Amino acid sequence: MNTLLRPAFVLFGALTLVTGVLYPALVTGIGKAAFADQAGGSLVLREGAPVGSRLIGQSFSSPGYFWGRPSATAPMANNAAGSGGPNQGPLNPALAQAVEARIAALRAADPGNTAPVPVDLVTASASGLDPEISVAAARYQAGRVADARKLPREQVEALIARHTVGRSLGLFGEPRVNVLALNLALAGQAASRR
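Re the pattern of salt bridges
Then, in step 1: Summed over all chains, the structure comprises 6 salt bridges.
Then, in step 2: Measuring nitrogen to oxygen at the nearest pair gives 3.1 Å for the salt bridge that ties Arg-69 to Asp-130. With Arg-69 in the loop between strand 2 (49-53) and helix 3 (93-109) and Asp-130 in the loop between helix 3 and strand 3 (132-134), this pair connects stretches of sequence that are 61 residues apart.
Then, in step 3: Here Asp-130 falls in the partly exposed class, since its relative accessible area comes to 24%.
Then, in step 4: Across the pair Arg-176 and Glu-132 runs a salt bridge, and its minimum N-O distance is 3.1 Å. You can see Arg-176 sitting in strand 5 (residues 176-178) and its partner Glu-132 sitting in strand 3, a full 44 residues away along the chain.
Then, in step 5: Judged by its relative accessible area of 19%, Arg-176 falls in the buried class.
Then, in step 6: Among the residues examined, Glu-132 registers a relative accessible area of 27% and is labelled partly exposed.
Then, in step 7: Here the salt bridges share partners, and the residues they tie into one network are Arg-139, Arg-153 and Glu-157.

Spelled out as structure tokens, the structure:
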């Protein structure tokens with residue numbers, strides 16, 4: 001029996017060392033060396049203090065800010081530890097009610113806006129953490145943000161254009177706007193007018 005147990009324990013210890021210590025340390029070291037920003041959370045700093053991450057959405061509810069996609073994470077919105085979609089199919093009545101409530105909230109925040117509501121403003125993604133919205137979603141909100149901030153709509157539209165990121169590698173995905181970066185640019189414009 002000892003002749004069987006000893007090699008098993010040696011192999012168990014060696015594999016634990018390789019897969020539980022050496023490999024994670026190597027991958028972490030490579031990640032920090034080659035992708036320092038992403039490994040550090042892609043934090044956005046303002047006056048030396050972190051205000052968010054470029055990779056995780058944040059909730060904005062003031063009419064003077066652009067709003068991101070709804071978050072499906074629980075128990076709180078945009079909780080990276082609880083990443084996951086709502087798991088509701090298109091025929092689920094709860095999803096239909098949530099979408100209707102979100103449309104009503106968007107219409108109430110901007111009653112003069114009769115344009116169709118972009119789908120990404122009323123549905124959560126599979127991760128529930130999207131930091132970006134479509135260009136159409138940003139433009140849909142431009143009038144409300146301009147009115148709330150007492151800015152010309154053209155100035156807000158120009159900010160959207162400056163913060164629009166094209167397709168990844170020129171092929172994948174759609175043009176999009178990072179909500180945090182856009183809102184920080186808005187806050188910077190307000191500060192520069194003072």
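Observations concerning the side chain of Asn-178
Then, in step 1: Within the secondary structure, Asn-178 is located in strand 5.
Then, in step 2: For Asn-178, a relative accessible area of 11% translates into the label buried.
Then, in step 3: Only 3.1 Å separates the side chain of Asn-178 from the backbone nitrogen of Leu-180, close enough to count as a polar contact.
Then, in step 4: The residues contacting Asn-178, other than those within four sequence positions of it, are Arg-54, Pro-131, Glu-132 and His-163.

Re the packing of aromatic side chains
To describe a pair of aromatic rings, one takes the distance between the centres and the angle between the planes.
Then, in step 1: One pass over the structure, following the stated rule, counts 1 aromatic pair.
Then, in step 2: Ring centres of Phe-60 and Tyr-65 lie 5.6 Å apart, and the angle between their planes is 35 degrees; this geometry places the pair in the tilted category.
Then, in step 3: Given a relative accessible area of 26%, Tyr-65 falls into the partly exposed group.
Then, in step 4: Against the face of Trp-67 rests Arg-144, its NZ or CZ located 3.9 Å from the ring centre.

Brief notes about the pairing of strand 2
Then, in step 1: Bridge count for strand 1 (residues 43-46) against strand 2 is 4 bridges, and the pairing is antiparallel. Bridge pairing in strand 2 places Leu-45 opposite Pro-50.
Then, in step 2: Here strand 1 folds back onto strand 2, and the loop between the two strands holds 2 residues, one of which, Glu-47, carries a positive phi near 55 degrees.

Considerations on helix 5 (residues 153-162)
Then, in step 1: Burial in helix 5 covers these residues: Val-156, Leu-159 and Ile-160. One side of helix 5 holds all its buried residues, which, seen down the axis, span an arc of 100 degrees. Structural note: helix 5 exposes Glu-154, Ala-161 and Arg-162 on the side pointing more than 90 degrees away from its buried face.

Here is what the cut-offs are and how they apply
Residues numbered from 1 in each chain as written. Predicted model: local features only at pLDDT ≥ 70, side-chain atom pairs only at ≥ 80, totals over all residues. Heavy atoms only, no water. Salt bridge = Lys/Arg side-chain N within 4 Å of Asp/Glu carboxyl O. Helix = DSSP H or I, 4+ residues; strand = E, 2+ residues; numbered from the N terminus. Buried < 20%, exposed > 50% of the residue type's maximum accessible area, 1.4 Å probe, protein only. Polar contact = N/O pair within 3.5 Å; in protein donor to acceptor, adjacent residues only side chain to side chain. Contact = heavy atoms within 4.5 Å. Phe/Tyr/Trp six-rings, centres within 6.5 Å; stacked < 30°, edge-to-face > 60°. Lys NZ or Arg CZ within 6 Å of the ring centre and 35° of its normal. Pairing = 2+ DSSP bridges. Arc of directions from axis to C-beta.

These results come straight from atomic positions and should not be treated as a statement about function.
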